[in-house]
Structures are given as structure tokens and as C-alpha cells.
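Remarks on the overall topology
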Amino acid sequence: MVKKFKFGRVLETEAVTGKPEWMEMSAKQVPYFQLEENQELVFHYQMDKETMIYGLGEQIRGIDKRGWLYESNCSDDPQHQEGKHSLYGAHNFFMISGKDTFGVFLDTPERVTFDFGYSDKNEITVKAPEDLDFYLIEAESMEKIVTEFREMIGQSYIAPKWALGYGQSRWSYFNADEVREVVKEHRENHIPLDSVYLDIDYMERYKDFTVDGKTFPEFEKFTEEMRKQKIHLVPIIDAGVKIEEGYEVYEEGVRNGYFCKDQEGKDFVAGVWPGRVHFPDMLCPQVRDWFGKKYKFLTDMGIEGFWNDMNEPAIFYSEEGLKEAIQFVNEVSKENIGLQEFFELKEKINGLANNPKDYSSFYHQYQGETVVHDKVHNLYGYYMTRAAAEALEQMEPDKRFLLFSRSSYIGMHRYGGIWTGDNMSWWSHLLLNIKMMPSLNMCGFLYTGADTGGFSGDTTEDLLLRWLEFSIFTPLLRNHAALATRNQEAYRFTDQKTFAKIIGMRYVLLPYIYSEYVKAALENKMYFRPLSFVYGEDRRAKKIEDQLLVGESLMIAPVYEQNAQGRYVYLPERMMMVKYKSREEYTTELLEKGDHYIEIALEEFAIFIRKNHLLVLSTGAECVEELEENKLAVLGYVESSAEYVLYQDDGFSKDYWKKDHYITITAEKETDGSFTVKQNRSLEIVKTECLS
Ligand code: MIG
């Protein structure tokens, strides 16, 4: 049951589309919370000792969000450390599990703070602006609350199947030959690959919807050449439009008044990669229509996927801010700089980027009103990505494109996925990645993953391997690294064969991963679940955050510590462990409920099949196109009988609900101890292996 409480008149975010049964409550009596109303709304909730808090999507820290202060304020902050309060997204959904069981969604484009036992360890204090739509979702379990919430916000974006293959990225591959080299090395070393990402340097002077003719000549031919090798090129698009005479996008935008305005009504100027830019007013439907259609420039040349960056929007400096800073420098430079001035100087310069003052000095046209950016800040990346999605849908209604964004708000999950931004090549960020995934799923973001290997800083061979051993389970699987960092492509390291095998396992597992991912989207379920959602009665399982359930059949326990040869794994029930080096090299074993120290060498990873569950495996391939969908192996832990509903489709159409996409596979234990596997389609089951 969903109850909606309206406070003031909130600017519509269009996060909520569905209309499950809900009640609109006019009274300001919000159950569970004590409410203070002055300039803002303050909601208080008393926790008991057992209370756990889930949600908030893209955030730092653990799965249980209790014990820290979080903020919804989309920020381009590449330091994802514990002390932070906000990352790139604003996902205002959380759930309480304790003496009470409920979920809350605060729908507002403005800043919200979530004090989850930070000021007072037993109290939740949520502060929101006075204009707010407050949704209370009640159901008997965390999973049911998630599903109710997800019904309310609409079906999650589904990526084309090729986008579940392995992607290689770098800031940047500077020319076509570098890309050719990356592809060649992967193919020669039999490291599977489906896509190569183009970062900002493919453009001409960082201008959106241009291609540098010198470094990427005859781009259309180049995409075709890549397609022949079964590679998709995925270019980046940035939010800011370069100010440059003669540049069509800029001129059209100015002519039609499509850019955000400053206080005086002039086009607001910010400094980002292209230099001075204007921001398209993505909140305005006409502007979205215009900007979205620009993607056609690239789709016409054979591009089928994009990533949208810098759309918080990130601002290195504003004209005003820069002027002030320079003035300050000039002033102090006349003096003998004292310590005070030195610190002020430092702050002035550091404070130029993403300065709150700048976000309150430009304006949007939103639903017939002029609105200061501050008030709608958290919607910008969402609406940019929506612009692209809607235009692509118009251009080719029946085709799935790859689309993901850095900044997001709930609602954007219908239009694209997200990557989790500029992490570091740190072991702690691998763990952060593991913990963040279920929270994102709660908020509708299913097509998601981190920069595998780490973005900033230099990675190491073992970190990349261990990271891959987790990332092969995330729907978005991309190796990406920053400018001036060590080369991070799998073939750059000593043990290329191991990389080929581990990345190869992604393709072996793909029938299951794809099936679970698409079903999660269609049925408003989670692909990654914390153990507590399923084994909540088990006090040990309830607190485990470094093991996850992946889909219906699997539990994973990634190794995330340097030089570890294994790890402790807790089994909430008897499970079948499979340790994989490759499709051919693996061991199986039944393990009892309880704690186990499991040896997991660097070259392998462990998965755990749940009781009476099945796993389906392909025969492997070096790209998604080459997977033989009809030839499957079945692996299972079958005490009596197990059933698995396998979802399969062509991977690019949108006819998800067709009956013949669902194949039922059953395994039955016979009296003589053997197993019979059946299916209602003409699959070729190349191998069955069940334990009981
Ligand atoms: O200020 O385009 O998060 O993935 O490689 C950095 C260059 C801009 C930030 C993105 C990152 C990308 C980088 N971009």
C-alpha cells in the first residue's frame, strides 16, 4: 500500500509514473514520523537497536545505511571516500527494517539530507524543502516494498544484449589506430570483447556531435570496420555545448534560446572540457527534443550506444567565479602573502569547481516558470539522458540502444543505466562497488557497474583480476581508466590467459545473467540482493555485506583483499559451491550451512548455487553475437526438484513479453539418484551436472 502526502507544491520530477493503489493523504499526519515544519520539513523517526536502513542508491558506505549523514546533491566528486555525503546521483528512496517495516520516497528535485543515526545514533532525521511529495510504502518485506516502489516509478531500462558483453574504455583512445590495436590485441589473445568506448578526444575540440576528422577519419567507415569485427563503438556525450562561432549546435541553441540563462537573461557561461560552454536547458521539452535529435549525427554513422557525462552538471569554473578569483590573486600578489592570504588563495582556486554559488546563478524554463538551477539541480543528468532516450526511441521505436549516464535521479532508470563514476584503483573501491549494487537495484537502476580496475590511479594485475571476478556479474561490465594512468587493458598484463578465461566466464554465465537481468527489469525485482532480504531470520546472514545474491539461483562471495588466497564465506543454508578457473576447469562441492574458509586462488572465483536451484551456462564465445543460445549446460543443486525460467530474446527488439521468450527448465531427482532435466523448448542441453 502506498500513501502519498503532499507538502506545498513541488516541481514535478516525473519520477512517478505508475499508479498502483495509493491514497492521497491531505492531512500532514505522516505515520511513523514526527514532523517539524518551519522553513523546511524535518521528519524524525526513533530507531530501535535492531533497525537497519536500506536504499539511497548511489552512495558511499555500506548496504545498511545506518550511522552516517547522506545528502542528495548530484556532484562531480571523484573522491568517493567515507567522509563524503553525496555522489553523482540523487536517489531519495530508503527502507526501514526493524520494529517497523516501510519504505519512503521523497520526490523533490531539491537537496535532501538523511541523518541516519549520525547526530543521534538512535534517530533518523530527514530534512527536505517545504515543497515535497512524500510517499510511504508499506508491505511485509523489503523485497515487496522494492517491488511496490518500482511499480510506482515504472519499468527499468533494458540494454541491448551486446551491451552485456565486455567493454574496454580509456580516457582516451586518441585515434582510430589505437582503437584498432585494442581490438586486435583482444582478438589475438582470445580475450572476449564487445565494445570499445570513445572518450572526449574523439570529438573536434570537445564539441558534442562532432568527430575529429584527423584522428578518426571516415568515421562511418570506421564504425563499419569495427562492426565487421563484432565491436560496437560507444562515444561519450558531455552536457556542455562549446561556445564557438560556426558550430551548428551552439548557433542553433543561441538562436532558439535553448540554453540556461544567467541573472541578466544572457546565456549562462561555464568552463568545462571544451572551454567556455552553455548548458542546454534539458528541463524544457523542446530543448530535449532538439538535443536528443542531435544524437542522430552519430547513429547515422552506425553508432548504437552512448554514455552521457558531466551532467550534474559539472562546472570547472563560471565566468564570474573565475573573474573574482583572478581579482583576488591580483590583490594579494601586491602584498607579502601571509598565511591567512595563502589559505584564502588556495580556497579561492579550489572552490572554483562545482561552486554552490554558481548553481544558484543560472536559470531554467520549467513548466512555464523561470526556475533557478538550485531548485531543480538533481534533475539535470536525468533529463539529459531522457532527451537522448526519447529521441532514439522516436528514431527507431523497436530498437534498444545502449545508454547510460553519470548523473541521475530516480525516474532516469526508465531511460538508461548509470556507471558509478570516477572511482580509484583501490581495493576498498572494489568493496564499495559490491555494496553499492543492491542499493542501486532498489532504486530501479539495474544496468549499472563501476569502472572495473579503477578509474584514477594505477591499477595492478591482481586488482584488475579480482575486480573482474566480481564485475562479470554486473550488467554493465566495463574496464575504464583515466588519463595518465597506467594502461589497464587486460592484455597489458603478465597472465593474459587468465584474463581471457575470467572474462570468458562472463560469456559462459551470460544466459543466466541476461535472463535474471531482464526478468528483474520486467518484474520490478532486484538482480543483486543483500543476503538479509532472503535470509533475514538468520542473524549472521542479516549483517553480511560482502556476499550478494545474484538473481534467483546464485550467491557470490568475491575476494576483495590484496594477496588474499581465499576468504571466509558464510552459508545461510546448504549450498553447492562451484569454483571456476574457466568453463572447463572447475570443481563442485556441497557445503553445509555455516562459516567456511574457502581457498580462492587469484585465477579463480567461487559461486554458490542455492538449494533446489539451477544455473544455465553457454558454451562460451568471444562476443555476444557468437553465443550459441540453444546449446546450454545445466548445473544444479537438486535435493528433490528444481525449476528455472530462462528468459531469452533476440537481444535488440522490445517485444519482451512474448511467450516464447520464457523457457522452463526442470530437474528432477529420480529414485535411483540420477537426475532428469526437461525443458519445454528445443534447446540442446549439452551437459547436466547436479548434486544433491
Ligand atoms: O573531468 O571524459 O567520469 O569517465 O573518462 C573528467 C573524461 C571527465 C569524467 C568521467 C570519466 C571520463 C572523464 N570525465
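Residues numbered from 1 in each chain as written. Predicted model: local features only at pLDDT ≥ 70, side-chain atom pairs only at ≥ 80, totals over all residues. Heavy atoms only, no water.

Attention now goes to the overall build of the protein. Scanning the protein from N- to C-terminus turns up 14 helices and 43 strands. The globule rule puts the C-alpha radius of gyration for 692 residues at 26 Å, and the 25 Å found for the protein is close to it. Expressed as a percentage of the 692 residues in the protein, the buried residues total 62%. Sequence separation of 24 or more characterises 72% of the internal contacts of the protein that already satisfy a separation of 6 or more. When the accessible area of the protein is evaluated, it comes to approximately 26,000 Å², of which 47% is carbon and sulfur surface. Computing the positive centroid from 80 side-chain charges and the negative centroid from 115, the protein places the two 2 Å apart. (Helix = DSSP H or I, 4+ residues; strand = E, 2+ residues; numbered from the N terminus. Rg over C-alpha atoms; globule rule 2.2 N^0.38 Å. Buried < 20%, exposed > 50% of the residue type's maximum accessible area, 1.4 Å probe, protein only. Contact = heavy atoms within 4.5 Å. Areas by Shrake-Rupley, 256 points an atom, 1.4 Å probe, with all protein chains shown as cover. Lys, Arg positive; Asp, Glu negative; His and termini not counted. Charge placed at Lys NZ, Arg CZ, Asp CG, Glu CD.)

Before going further, it helps to spend a moment on helix H1 (residues 142-153). With 12 residues, H1 should cover 16 Å at 1.5 Å per step; its first-to-last C-alpha distance of 17 Å lies within 8% of that length. For H1, the complete set of buried residues consists of Met142, Ile145, Val146, Thr147, Phe149, Arg150, Met152 and Ile153. Positive phi appears at glycine 154, one or two residues downstream of H1, with a value of about 90°. (Expected span 1.5 Å × (residues − 1).)

All right, on to the side chain of glutamine 488 then. Within the secondary structure, glutamine 488 sits in the loop between strand S29 (477-479) and helix H13 (496-522). On the basis of relative accessibility, which here comes to 1%, the residue glutamine 488 falls in the buried class. Polar side-chain contacts of glutamine 488 include one of 3.0 Å to the backbone oxygen of threonine 452. A polar contact is formed between the side chain of glutamine 488 and the backbone oxygen of histidine 480, at a distance of 3.3 Å. In contact with glutamine 488, other than residues within four places in its own chain, are Arg170, Ser425, Thr452, Gly453, Gly454, Thr459, Leu464, Asn479, His480, Ala481 and Phe493. (Polar contact = N/O pair within 3.5 Å; in protein donor to acceptor, adjacent residues only side chain to side chain.)

Turning next to the nonpolar core. Core analysis: the largest hydrophobic core is formed by 221 residues, its most contacted members being Phe94, Phe134 and Phe473. A total of 17 residues in this core trace back to one element, the largest contributor, which is H13. Leaving out residues up to four positions away in the same chain, phenylalanine 473 has contacts with Arg506, Leu509, Ile513, Tyr527, Phe528, Val550, Leu554, Ile556, Phe605 and Ile607. Grouped together as the second largest cluster of nonpolar side chains are 18 residues, Val559, Tyr570, Leu591 and Ala606 included. (Core = buried A, V, L, I, M, F, W, Y, C linked by side-chain atoms within 4.5 Å.)

Another point: the side chain of aspartate 462. Examined against the element boundaries, aspartate 462 turns out to sit in helix H12 (residues 461-471). Of the side chains with opposite charge, arginine 466 lies nearest to the buried aspartate 462, which makes no salt bridge, at 7.2 Å. Setting aside residues no more than four positions away along its own chain, aspartate 462 makes contact with Trp427, Gln562, Asn563 and Leu602. (Salt bridge = Lys/Arg side-chain N within 4 Å of Asp/Glu carboxyl O.)

Before going further, it helps to examine the site of the ligand. Around the ligand, the surrounding shell holds 14 residues, and the nearest of these are Asp199, Trp273, Asp309, Asp422 and His480. For the ligand, an oxygen atom lies 2.9 Å from a polar atom in the side chain of tryptophan 273. Note that an oxygen atom of the ligand is positioned 2.5 Å from one of the side-chain N or O atoms of aspartate 422. Tallied by class, the residues present in the shell around the ligand amount to 9 nonpolar, 1 polar and 4 charged. (Near = heavy atom within 4 Å. Nonpolar A, V, L, I, M, F, W, Y, C, P; charged D, E, K, R; others polar.)

Attention shifts here to the sheet that holds strand S6 (residues 68-72). Read across the open sheet, the 5 strands follow the order S3-S4-S11-S10-S6; overall the sheet is antiparallel. One side of each edge strand has no neighbouring strand; the edge strands of this open sheet are strand S3 (34-37) and S6. Taken over all neighbouring pairs, the strand axes of this sheet differ in orientation by 15° on average, direction set aside. In this structure, S6 lies alongside strand S10 (residues 112-116), joined through 5 bridges in antiparallel fashion. Residue pairing in the sheet places glutamate 71 in a bridge with threonine 113 of S10. (Pairing = 2+ DSSP bridges. Axes fitted to C-alpha atoms, helices over the stretch in contact; angles between N-to-C directions.)

What follows covers the packing of helix H2 (residues 176-188) against helix H3 (residues 219-228). Close contact between H2 and H3 brings their axes to 12 Å; oriented N to C, the two are set at 0°. It follows from the interaxial angle that H2 and H3 lie roughly parallel. Taken together, the residues of H3 that come into contact with H2 (itself represented by Ala176, Val179, Arg180 and Val183) are Phe222, Glu225 and Met226. Taken together, the residues of the contact of H2 with H3 break down into 5 nonpolar, no polar and 2 charged. (Parallel < 35°, antiparallel > 145°, perpendicular 65-115°, else oblique.)

This part covers the pairing of strand S19 (residues 275-278). The sheet contact formed by strand S16 (residues 241-242) and S19 spans 2 bridges and is antiparallel. Following the sheet pairing, valine 241 is matched in S19 by histidine 278. Two strands pair when backbone bridges link them, and strand S18 (residues 270-272) and S19 are joined in this way by 3 bridges, in the antiparallel orientation. Bridge assignment links valine 272 to a residue of S19, and that residue is glycine 275. In sequence, S18 turns back onto S19 through a hairpin of 2 residues.

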